[in-house]
Amino acid sequence: LEFWYFLPNISSEIILARRSICEEEDEDVVAGVSETSAMLWELVVLTSGHLELRTNDGSTINSISTKLKSEETPIPCEDKNTDPGMVSLPRDDGYGGWNHVSLLFSCRNLDTPEQCNISLLMKGKLITSSIVSFQMPRLNTDENACAVQNTVLLFGLGGLGGLRFTEIRLWSCLRSNDDIKMMMHEYLDIAKTKKKFKVAIRKKTSLAGKSFILKPPSSGETNAFLDRPRLTSSASRNLDADLAISRYPEITSFANFSSSSPSAVDNNKDEILQSPAVKMNNVGIDSAVDETIKALASSINSDSSILVSPEGYTTSMHESPLISEEIRKSAAAALVRGPPAARHFGGNRGGGAEVQDKRSNACNICICGSEKTVIFSPDKSRQYPIIASGAIISDSINGTEYLCCFLAKDKRIVVFDLQSKIVVVELQMTTKLNFWRYLSPSAHGGTLVFMLITPAGGFHWMPLDSSPRPRQIWKRGKELQGKKIVSYEEGGSNGLPGSGCRTTIALTLTSSATSGDPVEAWCIAINSGGGSEQLCLSTGVLGAALFNPYSSIAEEFDPMVITITEDKADENSVNIDVSGLLKNPISGCLEKGERIAGASYLRMSKTTLPQPTMAMGIAPSAFVLCCEQFVAVILRNEGSLIVYKFDDNKSSTNFNVIQQKKLDRYVVDASIRLREDDTCRGIDIIALLCDRENLKDGRIVTVSISDNYSS
């Protein structure tokens, strides 16, 4: 049981809460202050300003500290050095008086059902815990189990003027102190009561529990006389940081991360992101986005075409209707604009040891708003009552997906377990977040990994580790200082199994803050010491990606790299080059190897399509998507797609075109994944295309290419 209460004064003992056994005909009787014959327990505010829980067996626990029990207790106040077991009373400045209390009841591992281990928490801090005993009044032992079902909770007995209650929560599970402390300042939707004491926290029609970071009730949803708790700001609130320090040990000073307790919910109105800045702001989405978004996923196959491409590959294209026909225009605009400091679909994953298939979430887009976060994908769409400035989602790891949310105002990153609907961990930051994305588990120890790039460099963050602190894997050299991160990916492997596995190479595309400036491609050697060995592949690329065509490889390897550049001899052509990466055995420096394969591609169109406003800007000009031997190249501003297959045999290396497609619309973002069943094997290329007539709208297009085994 937990709740907030406002205490105007303490003239005598105040009964905050009492649980009593009650038959229907006794309801008026048990509500009396002096009627304790049916009482099981009660929580009382003493005249000293401390709390005391009493049972009908005479057991008590209270919030009086050991050093104060033998002394005269002070008058309650809001001074920083006040005993944490003291309640708060109103101050002259208009603050104070609001208190939060939690009672945790557990009968596990106790001898009899009349015993219970009770913990008392005040404002999220554990004050005391003890085993107490009860007597079941007016009943024998055999009737106890039935009697507990016929109980009532009474609040504010005695009718003290000005005593107020809000956010009364009953939980059917034993919640941890960390969870209570995290959620005590947040607002939850009203729960649905069943059979008096049983409470359903989630609505049956909801997709997720309501125990997330929600905005407070609007003025129309609360009684006019019951004001919300007047909590002090996060800067002035005296919060206990023990939890944060223990969970997030001191981190290397390069990133300037710091650990602190979570602050109150962000109550400011959403601010629409207008420019592709590194600083993260709230991404606007209309609050009316609801389950109709699911219809978009189901209608993706409504318009399709099938053709046979060269080399015997079967190709089909499925196009969805306009996004704005399925959801509100503001939500469609948020999808096109995309998340801040991240790619819509995350980015290429084709340079690592894992294959990206339909089980991955590489084709999801997370959009956040004032009331909820929507996870949109071609296959399904979900929504959660989480308020955030931006979010990214992981793949399913052991049956669980993790949503990583950034709260810009509080400079916090919070990770949610979407299956258990709990907060896993949170990180307080004191530096800018330039770019972030989810990485495959093979990137670091076979566990959940998020990449965080700051002005200091790149960090792997493993929220499920026993010490969930970001670990620096590379530093920004002077060449990368001040550069905007356009995209980021990792590849290669050190060949170690299990928790020892690591990626070896990172590829990042950078540019200056000025739109239209050339995009640079940098490879960075990754090592456990946070090394910063960097190689500039090109100062003017259209796009680039890491490439590993040998998905079954189990030993140590470095990936290949694919670059897309303008043909200097022919402005209508672009060059696609596949090269190796190696380390000089003498100097240890990272070097670009010989050209392994490549092609020259003649542009399909000279017309530049209209471009929408996006959080990450219009760079890079081309996407390179890799999956096993398949390489898809997309020229965004002309809406063209070309797919190659890399064949490496003993005699030669071939890089053959297997499909060309004109999409005719600007490509906002795209992703690739493996598709395989009993009859065929191939790839799906998922692209978000901008509508030419309305740049704030778009469609999802899926191009499927497969090779029938029978052929």
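Each helix and strand in the protein was counted, giving 7 helices and 40 strands. The buried share of the protein, taken over its 711 residues, is 55%. About 31,000 Å² of surface is accessible on the protein, with carbon and sulfur atoms providing 47% of the total.

For the structure shown, the criterion picks out 20 salt bridges. Measuring nitrogen to oxygen at the nearest pair gives 2.5 Å for the salt bridge that ties E401 to R382. One end of the pair, E401, is in the loop between strand 18 (390-393) and strand 19 (402-407); the other, R382, is in strand 17 (residues 381-384), and 19 residues separate them in sequence. Residue class for R382 comes out buried when judged on its relative accessible area of 12%. In this structure, a network of salt bridges that share partners links the residues E13, R18, E42, E52 and R54.

Moving on, we come to the sheet that holds strand 36 (residues 640-648). Reading across the sheet, the 4 strands line up as 34-35-36-37 and stay open at both edges, with antiparallel pairing between neighbours. Across the chains shown, the open sheet's two edge strands, defined by having one partner strand only, are strand 34 (622-627) and strand 37 (653-662). Ignoring strand direction, the axes of neighbouring strands in this sheet form an average angle of 20 degrees. With 6 bridges connecting them, strand 34 and strand 35 (residues 630-635) associate as antiparallel partners. From the neighbouring strand, C626 faces strand 35, where its bridge partner is V631.

With that settled, the discussion passes to helix 7 (residues 329-337). Counting buried positions along helix 7 gives 7 out of 9 residues, so the element sits mostly inside the fold. Downstream of helix 7 by a residue or two, G338 has a phi angle that is positive, lying close to 85 degrees.

One open sheet holds the 4 strands; their spatial order is 26-27-28-29, and the pairing between them is antiparallel. The open sheet has two edge strands, strand 26 (484-491) and strand 29 (534-541), and neither has a second partner. Neighbouring strand axes in the sheet, compared pairwise and without regard to direction, differ in orientation by 20 degrees on average. In this sheet, strand 27 (residues 505-511) lies alongside strand 26 in antiparallel orientation, the contact comprising 7 bridges. What sits directly across from I485, in strand 27, is T510.

Cis geometry marks the peptide bond from A619 to P620; its omega dihedral reads 0 degrees. Mapping P620 onto the fold places it in the loop between strand 33 (590-602) and strand 34. Positive phi is not limited to glycine here, since A341 has a value of about 60 degrees. Residue class for A341 comes out buried when judged on its relative accessible area of 1%.

Glancing now at the nonpolar core. Grouped together as the largest cluster of nonpolar side chains are 29 residues, with contacts concentrated most on F3, Y5, L7, L16, W41, L43 and L51. When residues no more than four places from it in sequence are discounted, the contact partners of Y5 are L16, L51, V87, G97, W98, N99, V101, R164 and F165. Ranked by size, the runner-up nonpolar core spans 23 residues in total, among them Y313, L625, A632 and A687.

Attention now goes to the pairing of strand 18. Side chains of strand 18 alternate between two faces, with G390 and I392 and A391 and I393 buried alike. Note that strand 18 and strand 19 share 4 bridges and pair antiparallel. Residue I393 lies in a different strand from strand 19, and its bridge partner there is L403.

What follows covers the confidence of the model for the protein. On average, residues of the protein score 77 in pLDDT, and 73% of them are at 70 or above. Contacts for the low-pLDDT stretch residues 66-81, under 50 throughout, to residues beyond four places or in other chains number 26 contacts. Confidence over residues 194-308 falls short of pLDDT 50; this stretch has 295 contacts with residues more than four positions distant or in other chains.

What counts and what doesn't
Residues numbered from 1 in each chain as written. Predicted model: local features only at pLDDT ≥ 70, side-chain atom pairs only at ≥ 80, totals over all residues. Heavy atoms only, no water. Helix = DSSP H or I, 4+ residues; strand = E, 2+ residues; numbered from the N terminus. Buried < 20%, exposed > 50% of the residue type's maximum accessible area, 1.4 Å probe, protein only. Areas by Shrake-Rupley, 256 points an atom, 1.4 Å probe, with all protein chains shown as cover. Salt bridge = Lys/Arg side-chain N within 4 Å of Asp/Glu carboxyl O. Pairing = 2+ DSSP bridges. Axes fitted to C-alpha atoms, helices over the stretch in contact; angles between N-to-C directions. Core = buried A, V, L, I, M, F, W, Y, C linked by side-chain atoms within 4.5 Å. Contact = heavy atoms within 4.5 Å. pLDDT = per-residue confidence, 0-100.

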